[in-house]
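What follows is the residue order along each chain.
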Amino acid sequence: MSRKSSRPRCPVCGLHLELCLCADLPVRELGSDFVVVQHNRERNKPTSTGRVTAAVLRAPLLNYGAQDEVFDDRALARPDTDYYVLYPLEGAATVDDAATRPAPGRRRCFVILDGTWHQCSRMARRAPRVEAMPHLALPPGPPSRWGVRTPPNPAAVCTFEAATRLVEVLYGAEAAAPMVSFFTELSARMLGMRGRQVERGGEDED
């Protein structure tokens with residue numbers, strides 16, 4: 001996956017194959033649906049956590065922004081589903097379980113964007129169907145622990161951390177705990193591949 005190394009990586013967790021964590025994926029069976037919309041520039045980045053987020057939440061992974069591909073929005077157009085996109089546009093309400101519960105016979109689906117802050121901003125405003133969804137913001141929380149990429153601001157977190165916080169808001173700390181433990185190990189292994197033990201680092205990909 002990497003442009004800088006010929007060592008094979010897992011296509012889901014992004015780790016070198018001998019360090020792959022996918023056998024321990026904390027797959028969540030929850031009462032909500034999820035969809036991950038990934039910016040095309042994140043598709044082959046091993047430091048993107050969108051793929052592993054989709055795997056854990058059993059969510060379709062939609063790719064947006066490829067010039068030679070049509071954006072497949074069928075997972076965003078089910079007539080029996082109420083959709084919400086997790087992105088804090090100005091005026092976005094904070095995620096609330098009670099306020100988003102669907103009426104009888106309907107489902108709810110949370111759309112999680114995967115990309116840089118700028119890429120997610122563009123997708124939130126321009127991706128078909130996504131731009132028309134109610135936008136929600138996460139409540140304040142701890143700073144990102146994804147030390148392999150530098151956050152654009154202190155409040156920014158990676159895709160997997162955002163999904164974990166969303167699950168915690170909707171279903172409680174117990175439901176989110178396996179995701180927290182998995183991400184702690186994923187972060188440690190990704191940093192360990194580079195001989196680093198720090199909490200934050202640059203945006204290098206090997």
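Scroll up a little and you will see the structure.
Residues numbered from 1 in each chain as written. Predicted model: local features only at pLDDT ≥ 70, side-chain atom pairs only at ≥ 80, totals over all residues. Heavy atoms only, no water.

Trainee: Give a detailed account of the state of the cysteines, specifying residues and quantitative values.
Mentor: Scanning the model with the defined rule gives zero disulfides in all. As a non-bridged cysteine, C20 has C10 as the owner of its nearest cysteine sulfur, 3.7 Å distant. Under the relative-accessibility criterion, C20 is labelled partly exposed at 30%. C109 forms no disulfide, and the closest cysteine sulfur to it belongs to C120, at a distance of 16 Å. (Disulfide = S-S within 2.5 Å. Buried < 20%, exposed > 50% of the residue type's maximum accessible area, 1.4 Å probe, protein only.)

Trainee: Which residues make up the pattern of salt bridges, and what values go with them?
Mentor: Taken as a whole, this structure holds 12 salt bridges when the rule is applied. A salt bridge links R129 to D73, with the shortest nitrogen-to-oxygen separation between them at 3.0 Å. Of this pair, R129 sits in the loop between helix 3 (117-126) and strand 6 (135-137) while D73 sits in the loop between strand 2 (61-64) and strand 3 (81-86); the two residues are 56 residues apart in sequence, bridging distant segments of the chain. A salt bridge links R106 to D82; the nearest nitrogen and oxygen atoms lie 2.9 Å apart. Residue R106 is found in the loop between helix 2 (97-100) and strand 5 (107-114), and its partner D82 is found in strand 3; the two are separated by 24 residues along the sequence. The class for R106 is partly exposed, based on a relative accessible area of 31%. Residue D82 is classed as partly exposed on the basis of its relative accessible area of 23%. (Salt bridge = Lys/Arg side-chain N within 4 Å of Asp/Glu carboxyl O. Helix = DSSP H or I, 4+ residues; strand = E, 2+ residues; numbered from the N terminus.)

Trainee: Can you break down the sheet that holds strand 2 residue by residue, with the values?
Mentor: Taken together, the six strands give an open sheet; going across it, the order is 2-1-5-3-6-4, and neighbouring strands pair in parallel fashion. The strands lining the two open edges of the sheet, one partner per strand, are strand 2 and strand 4 (93-94). Taken strand by strand, helix 3 contacts strand 1 (33-39), strand 2, strand 5 and strand 6, and its axis lies near 140 degrees from that of strand 5. Against the sheet, helix 4 (residues 159-171) makes contact with strand 1, strand 3 and strand 5, and its axis sits at roughly 155 degrees relative to strand 5, the strand it touches most. (Pairing = 2+ DSSP bridges. Contact = heavy atoms within 4.5 Å. Axes fitted to C-alpha atoms, helices over the stretch in contact; angles between N-to-C directions.)

Trainee: Account for the packing of aromatic side chains, naming residues and giving values.
Mentor: In total, this model carries seven aromatic pairs according to the counting rule given. Here the aromatic rings of Y64 and F71 are separated by 5.5 Å at their centres, their planes lie at 90 degrees, and the arrangement is edge-to-face. Overall, Y64 belongs to the buried group, its relative accessible area being 17%. Here the aromatic cluster, defined as three or more aromatic residues joined through ring pairs, consists of W146, F160, F182 and F183. (Phe/Tyr/Trp six-rings, centres within 6.5 Å; stacked < 30°, edge-to-face > 60°.)

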